[in-house]
Amino acid sequence: MVTSQDYRLYFGVNTTPSNFKRLEYISLSTIKSIITRPVPKESDSCYKDFKNALLEQINYYDLNSDLIDSTGN
């Protein structure tokens, strides 16, 4: 859904978390458990906002890795 390049461009950094794909999976699962509508498609007007929210969630889990480990995910 998002790429490591998307992450680097959005946050203006040169690297991505080493476990980027895992963080993407956990972040997407978290967002899906909250939203009440289907995940937007690239053609939807809200896709860019959704993509940015996913990138923010990935970064949140990267900075707070203890949240992932404590839930067993």
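Note that the coordinates shown come from a computational prediction; the quantities given were computed from them, not determined experimentally. (Residues numbered from 1 in each chain as written. Predicted model: local features only at pLDDT ≥ 70, side-chain atom pairs only at ≥ 80, totals over all residues. Heavy atoms only, no water.)

What to know about the confidence of the model for the protein
Atomic detail in the predicted coordinates should be set aside for any region of low pLDDT. Residues of the protein with pLDDT of at least 70 account for 93%, and the chain-wide mean is 92. Between the elements of the protein, mean pLDDT differs from a low of 74, seen in helix α4 (residues 65-71), to a high of 97, seen in helix α1 (residues 4-11). (pLDDT = per-residue confidence, 0-100. Helix = DSSP H or I, 4+ residues; strand = E, 2+ residues; numbered from the N terminus.)

Section: helix α2 (residues 20-34)
Since the α-helix turns once every 3.6 residues, residues separated by three or four places project in the same direction. An ideal rise of 1.5 Å per residue puts 21 Å on 15 residues; α2 measures up with 21 Å between its terminal C-alpha atoms. Along α2, the positions that sit buried rather than exposed are Phe20, Leu23, Glu24, Ile26, Ser27, Leu28 and Ile31. (Expected span 1.5 Å × (residues − 1). Buried < 20%, exposed > 50% of the residue type's maximum accessible area, 1.4 Å probe, protein only.)

What about the nonpolar core?
Val2, Leu54 and Ile58 are the most contacted members of the largest nonpolar core, which totals 13 residues. Of all the elements in the fold, those that place two or more residues in this core are α2 and α3 (47-63). The residues contacting Ile58, other than those within four sequence positions of it, are Val2, Tyr7, Phe20, Leu23, Glu24 and Ser27. (Core = buried A, V, L, I, M, F, W, Y, C linked by side-chain atoms within 4.5 Å. Contact = heavy atoms within 4.5 Å.)

Notes on the packing of α2 against α3
Where α2 meets α3, the axes come as close as 9 Å, and the angle between the chain directions of the two elements is 120°. In this structure, α2 crosses over α3, and the sense of that crossing is right-handed. The segment α2 lies against α3, with Phe20, Leu23, Glu24, Ile26, Ser27, Leu28, Thr30 and Ile31 engaging Phe50, Ala53, Leu54, Gln57, Ile58, Tyr61 and Asp62. Looking at side-chain class alone, the contact of α2 with α3 contains 10 nonpolar, three polar and two charged residues. (Axes fitted to C-alpha atoms, helices over the stretch in contact; angles between N-to-C directions. Left-handed = near helix turned anticlockwise from the far one by under 90°. Nonpolar A, V, L, I, M, F, W, Y, C, P; charged D, E, K, R; others polar.)

So, the side chain of Asp6
As for its placement among the helices and strands, Asp6 is situated in helix α1. At 3.4 Å, the side chain of Asp6 forms a polar contact with the side chain of Lys51. Once you skip the residues sitting within four places of it in the chain, Asp6 turns out to touch Lys51 and Leu55. (Polar contact = N/O pair within 3.5 Å; in protein donor to acceptor, adjacent residues only side chain to side chain.)

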